[in-house]
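# Commentary on secondary and tertiary structure
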Amino acid sequence: MPKPTFARDKIHTASQANLIQPLTSFIGRKKELAQVRQLLTQARLLTLTGVGGCGKTRLARQVAMELAAGRSFEGGVWFVELAALNDPALVAQEVAQTLGIREMFDQSAIASLIDHLADRQLLLLLDNCEHLLAACAELAENLLLASPKLQILATSREPLGIPGETSVLVPSLSLPQPVQASLPTDLTNYDAPALFLDRARSVLPSFVPTEQNMAAIIQVCRRLDGIPLAIELGAARVNVLTVEQIAARLDDRFNLLTSSNRTAVLPRHQTLRETIDWSYQLLSEEERTLFRRLAVFAGGFTLDAVEAICTGAGLQQNEILDTLARLVSKSLVVADILEQREARYHLLETIRQYALDLLRESGEENKLRDRHLAWFRALAEKLKAQWRGPRQKELFDQLEIEHDNLRAALEWSKSEFGSVEAGLLLGSALWRFWEIQNHLREGLEHLTDLLALPQAQAHTAARAKALYGAGYLALMQGLARDYTASESLLNESLAIARERNEPQLIATAIYGLGVVARFRGDHERAEELLQESLRSFRQFENRVGTYISLYNLAEAATTRGDLERAKALHEESLALKRAQNDEWSVANSLMSLATIARLQNNTSRAMDLIQESLTLFLKIGDTANIAFCLREISALASLQGHSQFAVQLYAFADTSLDALGYPSGHAYREQSEHPLASVQARMGESRFHAAWESGRSLTLDQAIEQARGLGSLPQHKSDSQAFTAPHDKDQGLIVSLNERELEVLRLIADGLSNQEIAARLVIALSTVKWHINNLFGKLGVRSRTQAIAQAKELGLL
């Protein structure tokens with residue numbers, strides 16, 4: 001029988017967005033908002049241009065949030081922040097990561113994006129493209145040519161310069177005309193003074209415009225050319241200066257700029273720099289010192305990091321918090337206060353670039369970057385030591401938040417003045433993070449770049465560890481091709497470990513080579529190497545090494561068909577994993593044991609095991625393994641005769657895995673022929689296709705609810721026996737209604753509306769609609785009246 005064709009179906013997802021509502025209000029820009037919305041009805045690439053601080057990002061985000069709220073794009077509205085990136089090669093990877101696309105093992109990030117976006121109606125917001133202009137232009141052109149429904153909204157200090165681009169220069173905020181004979185009666189009718197008033201009240205709630213200060217407010221806004229960032233910096237001073245004083249200082253400070261610098265191409269840009277410089281000159285010496293040192297961070301920072309990295313030479317650790325608070329109050333540092341998470345801070349990118357110039361001029365940059373590298377290496381090593389436990393998701397989320405800092409630290413380690421050994425140790429602490437968080441290609445590039453440097457050629461423990469990490473990442477990327485690169489890296493790691501007589505490193509490298517042999521299908525070699533690593537890990541009382549060796553021996557036994565040995569090895573491994581409280585590894589063992597139980601026809605046991613595995617993966621948030629659990633539950637549903645559920649769950653899981661970038665069909669993860677192949681033949685193409693399309697439209701919550709409910713359904717020997725009722729053959733009931741669907745059907749018969757049903761059952765309205773659509777399909781009807789009549793005919797009511 002040919003294999004099912006469902007894995008080739010394309011993906012369609014509900015509208016989504018990753019936009020976060022800013023903490024400050026959006027002021028004015030009605031004309032610009034309308035213009036951008038109108039242009040987006042015609043242009044596929046619209047670039048908002050202008051100097052730093054003119055409000056490009058804020059305008060683009062506001063438009064994007066409005067479009068996302070109105071569900072104007074079926075595939076969603078996605079914001080990609082590029083300011084923290086320095087490597088053009090990472091642009092496509094950053095977009096793919098934002099969209100949740102898992103790297104394809106034989107494809108570039110651009111190719112994976114093209115596949116993912118082929119038929120999606122989606123808006124992509126690329127923010128801060130100017131320093132990566134060529135890479136952004138290449139990516140935009142490739143994606144737009146390949147994806148006819150895609151639109152891109154970009155912000156940059158200059159256009160991307162590709163065919164079909166529409167660019168809009170973002171103007172300054174509106175101001176009263178200088179020729180007006182009298183002051184306006186309401187400053188909020190003009191965007192620039194309205195912004196000044198709003199931000200002034202945020203630092204001084206009692207601030208109000210008066211006849212005395214209105215002229216000064218307008219003067220400040222004019223002298224700052226209506227540039228939003230400059231106005232915000234000026235308004236932040238109303239708690240220490242009168243508006244008249246602010247205006248006077250601006251006049252003095254910008255006299256040189258307006259009278260002497262007449263050749264400036266971008267005068268507003270220089271005005272903004274002078275505004276920041278003016279704010280900087282007003283700082284105390286401690287504030288200036290901390291301000292310039294904060295430029296060493298990329299993508300934000302925590303108080304702990306600042307205290308460790310920025311202390312010394314005029315700034316004591318006990319002064320950091322108060323000094324940082326003052327910088328926040330003066331709008332030079334942005335505070336991000338989130339619930340149940342450590343507070344983070346960041347510099348606006350324009351301000352960070354200004355601070356970085358100061359840092360370089362101070363002669364402190366190298367020392368600060370060394371400290372930055374050392375601190376983030378220590379953090380990565382600390383989290384690596386803790387991840388085999390119950391806090392796995394929390395720890396990996398923390399590393400993801402710090403990813404831009406980790407990248408910056410690694411780049412410094414590769415530089416002329418950086419420590420290559422520190423970089424090797426940082427990379428070797430991050431390889432598992434790169435694997436699980438879908439940064440395989442980037443992580444492997446960092447490690448191979450470091451390993452190739454002349455300073456990294458000594459046979460140190462750091463090199464051996466980095467070789468192992470690179471070898472494992474190469475193994476994960478080699479799933480669709482040979483494993484030569486991985487084997488070469490692991491062999492070199494083993495050679496250095498033996499030369500240095502490092503027993504733990506020797507055992508680890510041997511284990512890695514055993515996994516390579518298993519992936520290659522060399523069962524004899526895999527058994528030999530994994531048994532050797534197992535003996536060593538047991539000798540060292542290394543629990544983690546012991547249970548991962550046992551797990552891979554079990555997987556190899558399953559592939560050979562030796563199910564009893566596989567079961568025994570998995571159970572031994574599982575006991576050690578539970579003792580370690582390594583929930584991610586426990587969940588993997590439970591899934592493997594569920595497959596073995598299914599192959600041994602113990603479907604009840606298999607269902608218990610896979611449900612426990614699913615619970616753990618949901619807790620951890622491992623999207624890929626949630627989908628693999630649902631595929632195993634689909635197999636069990638097939639064997640139990642619940643064909644409709646089996647097809648729907650498989651369709652949902654397969655769609656999710658395709659969205660993550662797993663190869664179509666995912667054959668490398670299959671240990672046996674999936675029972676769904678026989679279901680497709682039994683149901684027929686028409687009914688199978690209908691069930692498949694229904695499954696693709698499920699939400700994750702609906703798929704989980706369906707998977708959870710399967711355990712309470714009766715088993716049936718075949719699809720034809722799924723429901724026996726009068727006129728079944730004539731009326732065409734496809735499969736049985738589950739308990740929830742019967743409950744919904746009874747409430748429909750009682751005359752309840754969808755909203756009333758949702759309230760009665762305490763479920764979402766969308767879930768009610770999905771249940772009704774599902775039972776209509778099973779009953780072969782199109783309305784509530786027809787459903788009630790059909791249900792009575794079949795004896796369901």
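The rules behind each value
- Residues numbered from 1 in each chain as written.
- Predicted model: local features only at pLDDT ≥ 70, side-chain atom pairs only at ≥ 80, totals over all residues.
- Heavy atoms only, no water.
- Helix = DSSP H or I, 4+ residues; strand = E, 2+ residues; numbered from the N terminus.
- Buried < 20%, exposed > 50% of the residue type's maximum accessible area, 1.4 Å probe, protein only.
- Contact = heavy atoms within 4.5 Å.
- Areas by Shrake-Rupley, 256 points an atom, 1.4 Å probe, with all protein chains shown as cover.
- Pairing = 2+ DSSP bridges.
- Right-handed = clockwise from strand over helix to strand, strands pointing away.
- Axes fitted to C-alpha atoms, helices over the stretch in contact; angles between N-to-C directions.
- Parallel < 35°, antiparallel > 145°, perpendicular 65-115°, else oblique.
- Nonpolar A, V, L, I, M, F, W, Y, C, P; charged D, E, K, R; others polar.
- 1 Å grid on protein atoms, 1.4 Å probe; cavity = no way out; pocket = protein on both sides within 12 Å on 5 of 7 lines; lining within 4 Å.
- Points joined across faces, edges and corners; volume = space filled by probe spheres on them.
- Phe/Tyr/Trp six-rings, centres within 6.5 Å; stacked < 30°, edge-to-face > 60°.
- Lys NZ or Arg CZ within 6 Å of the ring centre and 35° of its normal.
- pLDDT = per-residue confidence, 0-100.
- Expected span 1.5 Å × (residues − 1).
- Arc of directions from axis to C-beta.
- Core = buried A, V, L, I, M, F, W, Y, C linked by side-chain atoms within 4.5 Å.
- Salt bridge = Lys/Arg side-chain N within 4 Å of Asp/Glu carboxyl O.

## So, the overall build of the protein
A tally of regular secondary structure across the protein gives 38 helices and 8 strands. When each of the 797 residues of the protein is scored for burial, the buried share is 55%. A separation threshold of at least 6 residues defines the contact pool for the protein, and within that pool the share at least 24 residues apart is 72%. Accessible surface computed for the protein: about 34100 Å², of which carbon and sulfur atoms make up 50%.

## A short note on the pairing of strand E4 (residues 150–156)
Consecutive side chains of a regular strand alternate in pointing toward one face of the sheet and then the other. Burial within E4 is extensive, with 7 of its 7 residues counted as buried. In E4, alternate side chains face the same way, and those of Leu150, Ile152, Ala154 and Ser156 on one face and Gln151, Leu153 and Thr155 on the other are all buried. Both strand E3 (residues 122–127) and E4 contribute to a ladder of 5 bridges, which runs parallel. Directly across from leucine 122, in E4, lies its bridge partner leucine 150. Since E3 and E4 lie parallel, the crossover through helix H5 (residues 133–146) that links them has a hand, and here it is right-handed.

## A few points about the packing of helix H12 (residues 285–293) against helix H14 (residues 320–329)
Following both chains from N to C, one finds H12 and H14 inclined at 85°, their axes separated by 10 Å at the closest point. When the axis of H12 is compared with that of H14, the two are roughly perpendicular. Contacts from Glu286, Glu287, Leu290 and Phe291 of H12 reach H14 at Ile320, Thr323, Leu324, Arg326 and Leu327. A breakdown of the residues in the contact of H12 with H14 according to their chemical character gives 5 nonpolar, 1 polar and 3 charged.

## Digging into unusual backbone geometry
Backbone phi values are negative for most residues with the exception of glycine, while trans is the configuration of most peptide bonds. The residue alanine 313 is not glycine, and still its phi comes out positive at about 50°. Positive phi, normally seen in glycine, also occurs at valine 762, with a value near 55°.

## Structural notes on the environment of alanine 422
As for its position among the elements, alanine 422 is in helix H19 (residues 420–436). Residue classification places alanine 422 among the buried residues on the basis of a relative accessible area of 10%. Residues alanine 422 and alanine 378 lie 44 residues apart in sequence; the distance between their C-alpha atoms is 9.8 Å. Once residues within four sequence positions are removed from consideration, alanine 422 is found in contact with Leu373 and Arg377.

## Focus: the layout of surface pockets
Roughly 790 Å³ of internal volume is contained in the second largest pocket. Mapped onto the lining of the second largest pocket, the elements with two or more residues apiece are helix H16 (365–386), H19, helix H21 (461–477), helix H23 (503–520) and helix H25 (543–560). Within the lining of the second largest pocket, the residues separate by chemical class into 12 nonpolar, 8 polar and 5 charged.

## Details of the packing of aromatic side chains
By the definition in use, this model includes 17 aromatic pairs. Ring geometry for tyrosine 483 versus phenylalanine 519: centroids 6.3 Å apart, planes at 85°, classification edge-to-face. In this pair, tyrosine 483 is assigned in the loop between H21 and helix H22 (484–500) and phenylalanine 519 in helix H23, connecting sequence segments 36 residues apart. Tyrosine 483 gets classed as buried once you look at its relative accessible area, which sits at 8%. An aromatic cluster of three or more residues is present, and its members are Trp387, Phe396, Phe433 and Trp584. Over the ring of phenylalanine 79 we find arginine 61; its NZ or CZ atom is 4.5 Å from the centre of that ring.

## Some points on the confidence of the model for the protein
As a general rule, the predicted coordinates of low-pLDDT regions are not to be interpreted in detail. The pLDDT averaged across the protein works out to 84; a share of 87% of its residues lies at or above 70. Model confidence for the protein, summarised as mean pLDDT per element, is weakest for helix H10 (residues 255–260) at 31 and strongest for helix H18 (residues 403–414) at 97. Contacts for the low-pLDDT stretch residues 1–15, under 50 throughout, to residues beyond four places or in other chains number 41 contacts. In this model residues 716–734 is a low-confidence stretch, pLDDT under 50, and it forms 40 contacts with partners more than four residues away in sequence or in other chains.

## Some details on helix H24 (residues 523–539)
Over its 17 residues, H24 runs 24 Å from end to end, which matches the ideal 24 Å to within 8%, given 1.5 Å per residue. Buried within H24 are the following residues: Ala526, Leu529, Leu530, Ser533, Leu534, Ser536 and Phe537. Each buried residue of H24 sits inside an arc of 165° when the element is viewed along its axis, so together they form one side. In H24, the exposed residues that point more than 90 degrees away from the buried face are Glu524, Arg535 and Gln539. In this structure, the buried residues of H24 make contact with H23 and H25.

## Observations regarding the nonpolar core
Counting residues in each nonpolar core, the largest one holds 149 residues, and the members touching the most others are Leu290, Phe291, Leu294, Phe297, Leu430, Leu630 and Ile633. When residues of this core are assigned to their parent elements, the largest contribution, 12 residues, is made by H21. Residues contacting isoleucine 633, with those up to four places away along its chain left out, are Met607, Ile610, Gln611, Leu614, Leu649, Ala707 and Leu710. By size, the runner-up hydrophobic cluster in this structure holds 33 residues, among which are Ile101, Ala135, Leu139 and Leu150.

## Quick notes on the pattern of salt bridges
Scanning all chains against the criterion turns up 35 salt bridges. For glutamate 411, the salt bridge goes to lysine 414, with nearest N and O atoms at 3.3 Å. Here glutamate 411 pairs with lysine 414, and both are found in helix H18, just 3 residues apart, close to one helical turn. With a relative accessible area of 38%, glutamate 411 lands in the partly exposed category. With relative accessibility at 18%, the residue lysine 414 sits in the buried group. Several salt bridges share partner residues, and in doing so they unite Glu94, Asp404, Arg407 and Glu442 into one network.

## A closer look at the sheet that holds strand E7 (residues 334–336)
Strand pairing within a sheet occurs via backbone hydrogen bonds; the two strands may be parallel or antiparallel. Strand order in the open sheet made by the 3 strands is E6-E8-E7, with antiparallel pairing throughout. Unpaired on one side and paired on the other, strand E6 (301–302) and E7 mark the two borders of the sheet. Pairing geometry for E7 and strand E8 (residues 344–346), over 3 bridges, is antiparallel. Its bridge partner lying in E8, aspartate 336 is registered against arginine 344.

## Things to note about the sheet that holds E4
Across the sheet, which stays open at both edges, the 5 strands sit in the order E2-E3-E4-E1-E5 with parallel pairing between neighbours. The open sheet has two edge strands with one neighbour each: strand E2 (77–81) and strand E5 (165–169). On average, each strand axis in the sheet is inclined to that of its neighbour by 20°, with strand direction left out of account. Where strand E1 (residues 45–49) meets E4, 5 bridges bridge the pair, whose relative direction is parallel.

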